[in-house]
Amino acid sequence: MRSARYRFIVLIAVVFVSGFAQGLLLPLLAILLERAGVSSSVNGFSASAFYIGILLISPFIEKPLHRFGYKRLIITGIALTCVSMLILPLWQAIWFWFILRVLIGIGDHIFHFATQVWLTSMSTAKRRGRNIAIYGVSFGLGFGIGPVMTRLVEIHLALPFIVAAALCVLSLSFLIRIDNEYPENITTPDVQSTWKRYGKVFRMSWAGLLGTFGYGFIETAVHSNFPVYAIRQGLGIEAVSILLPAFAVGALVFQVPLGLLSDRFGRKPILLISLFIGGISFLAMTLDDSFVYLTTMFVVAGLFLGSLFSMGITYMADLLPRDLLPAGNILAGICFSLGSIFGPLIGGFAIQFFKEGSIYYTIGGMMLVLFAAITFFQPIAVNQVQQKV
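One structure accompanies this document, and this report is about it. None of these values were measured; they are calculated from a predicted model.

Calculation notes
Residues numbered from 1 in each chain as written. Predicted model: local features only at pLDDT ≥ 70, side-chain atom pairs only at ≥ 80, totals over all residues. Heavy atoms only, no water. Phe/Tyr/Trp six-rings, centres within 6.5 Å; stacked < 30°, edge-to-face > 60°. Buried < 20%, exposed > 50% of the residue type's maximum accessible area, 1.4 Å probe, protein only. Helix = DSSP H or I, 4+ residues; strand = E, 2+ residues; numbered from the N terminus. Core = buried A, V, L, I, M, F, W, Y, C linked by side-chain atoms within 4.5 Å. Contact = heavy atoms within 4.5 Å. Expected span 1.5 Å × (residues − 1). Disulfide = S-S within 2.5 Å.

**Quick look at the packing of aromatic side chains**
Enumeration over the complete set of coordinates arrives at 18 aromatic pairs. Seen in terms of ring centroids, Trp91 and Phe96 are 5.4 Å apart; in terms of plane orientation they differ by 40°. Their pairing is tilted. Residue Trp91 is classed as partly exposed on the basis of its relative accessible area, which comes to 46%. For Phe96, a relative accessible area of 16% gives the class buried. For the pair Tyr215 and Phe309, a centre-to-centre distance of 6.0 Å together with 55° between the ring planes defines the contact as tilted. A residue pair is termed long-range when its members are at least 10 positions apart, and Tyr215 in helix H8 (residues 191-232) and Phe309 in helix H12 (residues 308-319) qualify at 94 residues. Taken as a pair, Tyr215 and Phe309 share a single burial class, namely buried.

Take a look at the structure:
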C-alpha cells in the first residue's frame, strides 16, 4: 500500500479536501455575513483572511519541509484546518471568524504546499502536465462540491463545518499509511541568500506565477463576491448553489485536456488562450442576466479559467531546476494568496460603488490584463539569472 501509485492517489485525495474546505467556506461565510447586514467591502475583506494566513506562513515553511519531510507537514496542516473548522460555528462574530479563517489559511496552505511540491518533484517532465492537471481536477472537484454543501446550513449551522472536518480526518487515515519523503537538499546559509533565491525564481518564472495569481483572483471573486452580487440582484442562494458549481464543472471537464494540450503545444500558448477566452466570457455576462445564459457562460469561463492554477504551477516547474521547486512553490502560494486578497477586495468595492455588472467587469478585465502581461514574457536561462544575482 506504499507504492508510488498509492501515494499519488492519496495526494490527489488530500488536495480534494483542500478544495472542498475552500469551496465551502468562501460562499457560506459570505452569505452568513450578508444576512447579518455586513457591507460588501467588509465582507470581501473578511474573505481575504484565509489568504492573509497563506501570506503569513509562506516565508516559514520551506525549512520545516526539508527538516520534517512532506508527510509530517501535510498531517500538521490538516490537523490545524480540522480543529479550526470545528470551532468556527461556536461563535458568530466577524473578528472571531477572521482569526479562524487566518488559521485555516495557514493550515490549508501547509498541506497544500507540501502536497504540491511532492507531486511536482515526483513527476517527470513528460507527465507533469497530466499529473498536475489531475491534481487540479481533484482540487476543482472539491471546490465545486463545497458550495453545494452550503445548503446544509439550513438544517443546522454547524453541519457543513462538521462535514468538512470529517473529510479532513478521513484523509489523515489514508495519509498515515504512506512513507515520509524529503525534498532535495539545498543550502540556505543566511536570510540574504534565501531572498536572492526567491528573486532568481521570480525572474525565471514570473509568467507561471501570474497564472496562480489569476486563479486566486478569480476563485475568491467568484466564490466570495458573486454570492453577494447575486443576492443583491435577486438571484437567491438557490441560483448561487448552481452557478458556482457550473464554473467548477467547466474546470473539471477541460482540466486534463488542457494539461495534455500544454504537454504537446507548450504551456504559454495554452495559458494565453485560456486567459483571453475566459476574460471575454466574463465580460459577455453583462449582455444578458437570464439564469440559463449565466449558467452557460459560467461553464464556458470554467472550461478555460478553472485550470489557471495547475497551468501556472506546471509552467513554473518547467522553467525552474529541481532544486528551486520548493522556493517556486512558495512564491506560487504567495502569488495565489495575493490574487485571492485582491479579488474580494476589488470585487467588494466594485459591487458597493458600481452596482450593475461590476463583478463581471472586474474579473474579465483582470484576466485580460494578465493575458497582456504574459504575452511579453520570454524565458531566460539559469546562467543568465546567476550573472545578475
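**Topic: the nonpolar core**
Ranked by size, the top nonpolar core spans 119 residues in total, and within it Ile74, Ile218, Phe226, Phe282 and Met367 carry the most contacts. In this structure Ile218 touches Phe247, Phe282, Leu305, Ile363 and Met367, once residues within four positions along its chain are discounted.

**Remarks on helix H13 (residues 325-354)**
Across its 30 residues, H13 extends 41 Å between first and last C-alpha, which sits within 8% of the 44 Å expected from 1.5 Å per residue. Positive backbone phi, approximately 60°, marks Lys355, located one or two places after H13.

**Points about the state of the cysteines**
Evaluated as defined, the whole model comprises 0 disulfides. Cys82 carries a free sulfur, and the closest cysteine sulfur to it, the one in Cys168, is 5.0 Å from it.

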